[in-house]
Amino acid sequence: MNQPALLPFSLLVFLPACVALVIALPIIPRQREDLVRWIALTTTAIVFMLSVWLALPGGVTAGGVGFMLGEPDMQSVIKLPWIQSFGIEYLLGVDGISMPLVVLTTFLSMLSAAASWPITKHVKAYFVLFLLLETGMLGVFLSLDFFLFYVFWEVMLLPMYFLIGIWGGPRREYAAIKFFLYTLVGSVLMLLAILMLYFTSDLKLLSDEQLVAVHAVSPFMDAATIRSLPGPQHTFNLLALAAIGQLPESPFAAAQILGLSLETWAFLLLLIGFAIKVPIVPFHTWLPDAHVEAPTPISMILAGVLLKLGGYGILRICYPICPGAGLSLAWLVCGIGVLSMLYGAFAALAQKDFKRMVAYSSVSHMGYVMLGLGVWSAVAGQEYRWEYWAQGVNGAMFQMIAHGISSAGMFFMVGVLYDRVHHRNLEEFGGIFNRMPVYSGLAVAIFFAGLGLPGMCGFIGEVLVTLSSWNYSRLFASLSAFTVILTAGYILWAIQRVYLGAEYKGPHGEDLVPITRRELAIATPLVALAILFGIYPQGLFDYISPTVNKQCQTLAAWTRDVNDAVRLNGGIIEPQSATPQKTSPNLDSAVLQP
């Protein structure tokens, strides 16, 4: 079976884990810590370059795995049997949603490895866990099998627990255990939803064309073989589960548990599991403690990548597989998004710890992601127009990438100061611009990106989400716009207290030396990308929009032809197709128009 994407994408995922295994072996002397650091940094750099090579438009088309801009469907699909008795497969693929997040993950992993140079405690163990964490994160973004997705999701849990619990601050054990328990609860709820969907699914409900489209068939099992097998054919295939969930007679909607449909329970369980990772209020309380106690490079990974896993899961899994619940509970998703925006901003205003302020800003900024994902405005009252909802989802995706860049940069800038003066008390800073002018200029730029200054990456996503929410709820749109004012308040106040203001009042003032070349090499690309995506967002939308637009258009057609058709006909399903018309060439630009 010819699968040209098998080697490059498998290498992308498993190279960090393989190198971690080599580092763990006793072949490298414990005292050769610099060698371990360089091996880990080189590995992350190779993985980053490989991800960029795979993401370049048509960069490796001759090999059959080049990314095709404008193609909304899954690309470079890898499909091999893994645990055949349960239909579990080694199923990977990328599209416009996952590819930008894969590149973001490899980019921030490389910078975080460089930021790990000050780590001197158990260096070998640290980088072994760090590289295992990278494999877990990449596996989540590439997995198309729900079981495989869950395995990679759990792979991330233990490395992050130990990275916080061993290399963290004074209260590291408390923060690590809190992170572990919250994430474990979310994982258990997710597992329950996976089992519910798996044992209710049946590939036989799909047509032959659908089986091919969702990559359920292979040389080992064609459509005729699937239909000839006795009993229902359960599946973990995420694309197949989405196709089953959008059928006019979906078994997920038909099954009832305690008066609610199975898809409603599955949606709620998955939503809570992913919301803990985002995190959103009221599941956010682990985040400030984890950020404050984690070492700087781990805070960069935590804010830049791990929080995005929750938003990715909601977009990739919750809405396509459980569209009925997504539509009926859109108010809940939007409401907790707005609540998180406001709560995070007010909490950030009240902080005196520099790092805790940045942590609460992440809660606020990720609230925009939830609002953008939830504004399902493609309903009868809006003539099933999907463009405004797609505008919100595009904005949410852009916000995830932009926040990954700005939040990692902000945590790094806080860490640069902490490494010198060993405290984060905002009341004791001041006059840093005079002592460290180059560092301060880069820090102000990255904080402006987090503020959402026009011309910086944070502006685009917030504006698109706010505009899209106007057609869903003018109250939510107004509160979203008001949050921008609060964000400007705590960011500008922090800049004034830390970088401007009077003289530095805290301890170790003599250690406020200029930024080093290593620190400059980490901060500069973050600032450059924050400016690049602020002035040329279309470079990112070229990847994101085709896939997002197709998903929104498909679910809008499902709303019209399945959900509302059943409701208006008293539960009688009309024989209509829920397949949308082919995406027009101007679709990508139309979604960005208010």
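To start, this report covers the structure provided alongside it. As the structure is a prediction and not an experimental result, all values here were calculated from the model.

**Side note on the overall build of the protein**
Thought 1: When you go through the protein residue by residue, the secondary structure sums to 25 helices and four strands.
Thought 2: Against the compact-globule benchmark of 25 Å for 594 residues, the protein has a radius of gyration of 24 Å, which places it among compact chains.
Thought 3: Its C-alpha atoms give the protein principal-axis dimensions of about 75 × 60 × 45 Å.
Thought 4: Scored against the burial criterion, the 594 residues of the protein give a buried share of 61%.

**Focus: the packing of aromatic side chains**
Thought 1: The final tally for this structure, using the stated rule, is 34 aromatic pairs.
Thought 2: Aromatic pair Phe149 and Trp153: ring centres 5.7 Å apart, planes at 25°, arrangement stacked. Of this pair, Phe149 and Trp153 are both found in helix α5 (residues 146-155), four residues apart, which corresponds to roughly one turn of the helix. Accessibility assignment for this pair places Phe149 and Trp153 in one class, buried.
Thought 3: Pairwise contacts between aromatic rings join Phe354, Phe429, Tyr439, Phe447, Tyr499 and Tyr504 into one cluster.
Thought 4: The cationic tip of Arg424 hangs over the ring face of Tyr418; the distance from NZ or CZ to the ring centre is 4.8 Å.
Thought 5: Here Arg497 stacks its cationic end above the ring of Trp493, 3.7 Å away from the centre of that ring.

**Notes on a nonpolar patch on the surface**
Thought 1: The grouping of Leu21, Val22, Leu25 and Ile27 at the surface amounts to a nonpolar patch, some 370 Å² of accessible area in total.
Thought 2: Summarising the element assignment, Ile27 is placed in the loop between α1 (6-24) and α2 (33-55).

**What to know about the pattern of salt bridges**
Thought 1: Counting across every chain of the model gives 15 salt bridges.
Thought 2: Between Glu89 and Lys79 there is a salt bridge whose closest N-O contact spans 2.3 Å. Taken together, the residues span a long stretch of sequence, with Glu89 in strand β2 (residues 88-94) and Lys79 in strand β1 (residues 75-83) at a distance of 10 residues. Of the two residues, Glu89 and Lys79, neither departs from the other in class, the shared state being buried.
Thought 3: With its nearest N and O atoms 2.9 Å apart, the salt bridge here joins Asp208 to Arg227. With Asp208 in helix α8 (residues 208-213) and Arg227 in helix α9 (residues 223-228), the pair connects residues that are 19 residues apart, well separated along the chain.
Thought 4: In this structure Asp208 comes out as partly exposed when scored by relative accessible area, which is 40%.

**Remarks on the environment of Ile336**
Thought 1: Within the element layout of this structure, Ile336 appears in helix α16 (residues 330-349).
Thought 2: With 113 residues separating them in the primary sequence, Ile336 and Ala223 have C-alpha atoms 42 Å apart.

**A short note on helix α14 (residues 296-321)**
Thought 1: Helix length check: α14, at 26 residues, gives a terminal C-alpha distance of 37 Å against a target of 38 Å (1.5 Å per residue), a fit within 8%.
Thought 2: Of all the bends in α14, the largest measures some 35° and sits at Leu302.
Thought 3: Taken across its 26 residues, α14 has 26 buried, putting it largely inside the fold.

**Here's the deal with the nonpolar core**
Thought 1: Residues Phe354, Phe447 and Tyr499 are the most contacted members of the largest nonpolar core, which totals 219 residues.
Thought 2: Looking at this core element by element, the count peaks at 19 residues for helix α18 (residues 387-421).
Thought 3: If near-sequence neighbours (up to four positions away) are discounted, Tyr499 is found in contact with Phe354, Met413, Leu417, Gly431, Ile432, Phe433, Tyr439, Ser440, Ala443, Val444, Phe447 and Ala494.

**A look at the environment of Lys178**
Thought 1: By the element assignment, Lys178 lies in helix α7 (residues 172-200).
Thought 2: Lys178 sits in the buried class, given a relative accessible area of 17%.
Thought 3: Those residues in contact with Lys178 that lie beyond four places of it in its chain are Thr285, Trp286 and Asp289.

**Describing helix α12 (residues 262-277)**
Thought 1: Its 16 residues give α12 an end-to-end C-alpha distance of 23 Å, which sits within 8% of 22 Å, the value for a rise of 1.5 Å per residue.
Thought 2: With 13 of 16 residues buried, α12 is to be regarded as a mostly interior element.

**With respect to the pairing of β2**
Thought 1: For β2, the tally of buried residues reaches seven of seven residues, placing the bulk of the element in the interior.
Thought 2: Burial of β2 is two-sided: the residues Ile88, Tyr90, Leu92 and Val94 facing one way and the residues Glu89, Leu91 and Gly93 facing the other way are all buried.
Thought 3: Across six bridges, the pairing between β1 and β2 is antiparallel. Pairing of Leu80 across the sheet is with Tyr90, part of β2.

**Considerations on the packing of α14 against helix α17 (residues 354-374)**
A pair of packed helices is characterised by two quantities: the angle between their axes and the separation of those axes.
Thought 1: Following both chains from N to C, one finds α14 and α17 inclined at 15°, their axes separated by 11 Å at the closest point. By the angle between their directions, the pair α14 and α17 is classed as roughly parallel. Like other packed secondary-structure pairs, α14 and α17 cross with a definite hand, here right-handed. The residues of α17 that touch α14, namely those facing Thr296, Ser299, Ala303, Leu307, Lys308, Gly311, Ile314, Leu315 and Tyr319, are Lys355, Ser362, Met366, Met370, Leu373 and Gly374.
Thought 2: Classifying every residue of the contact of α14 with α17 by side-chain character gives eight nonpolar, five polar and two charged.

Calculation notes
Residues numbered from 1 in each chain as written. Predicted model: local features only at pLDDT ≥ 70, side-chain atom pairs only at ≥ 80, totals over all residues. Heavy atoms only, no water. Helix = DSSP H or I, 4+ residues; strand = E, 2+ residues; numbered from the N terminus. Rg over C-alpha atoms; globule rule 2.2 N^0.38 Å. Buried < 20%, exposed > 50% of the residue type's maximum accessible area, 1.4 Å probe, protein only. Phe/Tyr/Trp six-rings, centres within 6.5 Å; stacked < 30°, edge-to-face > 60°. Lys NZ or Arg CZ within 6 Å of the ring centre and 35° of its normal. Patch = residues over 30% accessible without salt bridge, like charges linked within 9 Å, V, L, I, M, F, W, Y side chains within 5 Å. Areas by Shrake-Rupley, 256 points an atom, 1.4 Å probe, with all protein chains shown as cover. Salt bridge = Lys/Arg side-chain N within 4 Å of Asp/Glu carboxyl O. Expected span 1.5 Å × (residues − 1). Bend = angle between axes of the 7 residues up to and from the residue. Core = buried A, V, L, I, M, F, W, Y, C linked by side-chain atoms within 4.5 Å. Contact = heavy atoms within 4.5 Å. Pairing = 2+ DSSP bridges. Axes fitted to C-alpha atoms, helices over the stretch in contact; angles between N-to-C directions. Parallel < 35°, antiparallel > 145°, perpendicular 65-115°, else oblique. Left-handed = near helix turned anticlockwise from the far one by under 90°. Nonpolar A, V, L, I, M, F, W, Y, C, P; charged D, E, K, R; others polar.

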